[in-house]
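Overview (structure and organization)
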Amino acid sequence: MPIQEKTRARDTCWLPEEGQGHRAEKVHISVVGNGFRLDTIKKVAQTYLPRIFADVDIVDAEFANVIVGTFADLGRSERVGHQEGYRIFADGSQLIIAGDTEFGVLYGFYEFLKKSQQGCPLLTMEAEDQPAMEVRMINHWDNLDGSVERGYAGKSLFFDNNAWAASDEEIVQYAEMLSSIGINALTINNVNVHAKETELITEKWLPQLAKVANLFDAYHITLFLSANFASPMTLGHLQTADPLDKRVVHWWKTQVEEIYKYIPTFGGFVIKADSEHRPGPFTYGRTHAQGANMLADALKPYGGVVFWRCFVYDCLQDWRDRSTDRAKAAYEHFAPLDGTFADNVILQIKNGPMDFQVREPVSPLFGALTQTNYVMELQITQEYTGQQIDVCYLPMQWQEIWSFDTHANGEGTKIADLLSSRQQDGKGKGVTAVSNIGNNQNWTGHPFAQANLYGYGQLAWNPEQCPRKIAEEWAKRTYAHLSAEVRQTICSILKRSWSVYEAYTAPLGVGWMVNTGHHYGPNVNGYEYSPWGTYHFSDRSGLGVDRTKTGSNYISQYKQPVAELYGNVATCPDELLLFFHHVPYTHMLKSGKTVIQHIYDAHFEGVEEVEAFLEAWEGQKEAMPDSLYMHVKERFEAQLANAREWRDQVNTYYYRMSGINDERGRTIYK
Ligand code: GCU
């Protein structure tokens, strides 16, 4: 079970720490022009620059050696050509940080801060950049009582005991963190909107949320709320939430009008409908498009948007029913509706067809939709990937996902291209991800889990970046006060951690051998006879899910040649073999091992790797503060216990099923 950690005041993130202000170069900075985000830049400069440079002052332009502002305010004719883009360049003895808009200037300033932290001399800081993804969002799954669904970093940052819990200072700190990595939108409440949380869109909460929205907006982060599709019934006392009922339409219009009265910058709604017992349009025989468009229509006059989740499947499946395959659900529900959604609806599609497993193929819905806006939804919180006890650096996974070639528009249509291609209004593409933040002192429970948030922002900005380099950059910024050797130890662990986690858990893409409910630790058959549609079908001769033509034919949802690649057992990549095929234990993998031997080897090696993590960490004991050392050591010990449990349960189970010995004669508890 998750390690409990006491909640204390906030500490370290990648932004500069107090007391490092050694750099001798003077930074006399001038922020030219007036604007909400320009004021923010002044505040950020005042907080962080003295932590890097010894001599910092905010001065008039004529006395400055660093000038910040929009090109227009600086009286310059250059442009970047993107409202969030920026340019940093030297002009004589001055460094200029400029953008087409104040959003771009803000991001340029953060880049300047990063380069300053890394010791780059002022006048050599040349940079020009703009984000690849338009939507770079975070979804909190926080509840009003302070709990966080799938949260592993303490309680909610925002709520406690049905009241607002965060100080303005905390929100500002958090907004700084998010905006420094380019996040430009967030929801603060759970997609499962329970009774109390429906009230967030009412006058009871709107005055408070208006302040919060404003604090985030100063950092160019737009506030959205998760809303309950049945709100007209729970809040409006109507007998129906039918999206085509005039009273329902009117109720939403009035409610939205009220929201915008308080929060003119409100982004819109995130909706989980007809999914895991949440209400939705199906109850009234309406389609998802009819449901989403009704809300979109209410938001349209204010420029608001609906993020409509595609995580829709039958969660009351009979495990005996072999004709239903959960993996097919999102595509089956949404691909036929392509082109019928309003232009301010954005479909929110989980990266894989199941649910944030350590290994899944990319959802075939990407690339299938050609006339619909969509974003990919990732999970930064480590629900199925170690719950911030086990270290698992997820940017390695995301980078692989984003490099996947869907062949949607012929060869070379990578996911990253699909997510970053721009819509006219710039709103329709990008990524969102479930937050891993809580009120723990270090924000994320495991201090290394911060690298996942950092990496998410970095990759959303530029998916071409190497996740290994991002890990190094994160470690360098976050642990500037520690030795290069400690940082190297951390990075080497991070870089291996995703494949290590994969090695000691469910094999070859099959997923789901996890404890039910809380989703930590092994339980090979935990989900096997459940209604959730999550099966591995192990028997005495083999395992895996046949999703080819002889099985559920899920593979037909992919474009060619992807369907052929996955559908053919001879070409299917090893790491996804059991996701697509049911094979004998003696099936020979491309690696040259049988499936059963792979299961044994991976589980032994996974545990050995975690032992090596712990040993490497212990080797650095003298090089860091005790508190950090002990905190992480405790987590490695818990991870090791978890990995051993996985190894022994999985290996024993498959020995008993197959009767085949480990060819290397290692201990398997029979
Ligand atoms: C997972 C998770 C749930 C969550 C759901 C969702 O199934 O376990 O807690 O509500 O995803 O994404 O809606």
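Residues numbered from 1 in each chain as written. Predicted model: local features only at pLDDT ≥ 70, side-chain atom pairs only at ≥ 80, totals over all residues. Heavy atoms only, no water.

The protein has the name Alpha-glucuronidase in an unreviewed UniProt entry, where Shouchella clausii is given as its organism. We quote the UniProt Sequence similarities (unreviewed entry) comment for the protein here in full: "Belongs to the glycosyl hydrolase 67 family." (UniProt positions renumbered as here; feature names shortened; annotations may be inferred.)

**Digging into the overall build of the protein**
Assigned secondary structure in the protein consists of 18 helices and 18 strands. Its C-alpha atoms give the protein a radius of gyration of 25 Å, within 12% of the compact-globule value 26 Å for 670 residues. Here the protein holds 670 residues, and the buried ones make up 62% of them. Pairs at least 24 residues apart make up 72% of the contacts formed inside the protein by residues separated by at least 6 positions. Summed over its atoms, the accessible surface of the protein is roughly 24500 Å², and 48% of this surface lies on carbon and sulfur atoms. Computed over 61 positive and 83 negative side-chain charges, the inter-centroid distance for the protein is 2 Å. (Helix = DSSP H or I, 4+ residues; strand = E, 2+ residues; numbered from the N terminus. Rg over C-alpha atoms; globule rule 2.2 N^0.38 Å. Buried < 20%, exposed > 50% of the residue type's maximum accessible area, 1.4 Å probe, protein only. Contact = heavy atoms within 4.5 Å. Areas by Shrake-Rupley, 256 points an atom, 1.4 Å probe, with all protein chains shown as cover. Lys, Arg positive; Asp, Glu negative; His and termini not counted. Charge placed at Lys NZ, Arg CZ, Asp CG, Glu CD.)

**Regarding the site of the ligand**
Taken together, 13 residues form the shell around the ligand, and within it Glu 149, Lys 272, Arg 309, Lys 350 and Glu 383 come nearest. Here an oxygen atom of the ligand sits 2.9 Å away from a polar atom, N or O, in the side chain of Arg 150. Separating an oxygen atom of the ligand from a side-chain N or O atom of Lys 272 is a distance of 2.6 Å. For the ligand, whose accessible area on its own is 320 Å², the fraction buried by protein is 96%. (Near = heavy atom within 4 Å. Polar contact = N/O pair within 3.5 Å; in protein donor to acceptor, adjacent residues only side chain to side chain.)

**Describing the confidence of the model for the protein**
Considering every residue of the protein, the mean pLDDT works out to 95; 97% of them sit at 70 or more. In this model residues 1-9 is a low-confidence stretch, pLDDT under 50, and it forms 21 contacts with partners more than four residues away in sequence or in other chains. (pLDDT = per-residue confidence, 0-100.)

**As for the domain arrangement of the protein**
When the domains of the protein are assigned, the result is domain 1 (23-129), domain 2 (135-478) and domain 3 (504-545 + 582-658). Placing a centre on the C-alpha atoms of domain 1 and another on those of domain 2 gives a separation of 32 Å. Contacts between the two partners involve 16 residues from domain 1 and, on the opposite side, 18 residues from domain 2. Here domain 1 and domain 2 share an interface that buries about 1700 Å² over both sides, 47% of which is from carbon and sulfur atoms. On inspection of domain 1 and its partner domain 2, the count reaches 3 salt bridges. Measuring nitrogen to oxygen at the nearest pair gives 2.9 Å for the salt bridge that ties Arg 37 to Asp 217. Where domain 1 meets domain 2, there are 11 residue pairs in polar contact (both at pLDDT 80 or more). (Domains from an automatic or database assignment. Buried area = accessible area lost by both parts, 1.4 Å probe. Salt bridge = Lys/Arg side-chain N within 4 Å of Asp/Glu carboxyl O.)

**Brief notes about the side chain of Asp 325**
One can find Asp 325 in the loop between β13 (305-309) and α9 (329-334). A distance of 2.7 Å separates the side chain of Asp 325 from the side chain of Ser 552, its partner in a polar contact. Among all residues touching Asp 325, those that are not within four sequence positions of it are Arg 547, Ser 552 and Tyr 554.

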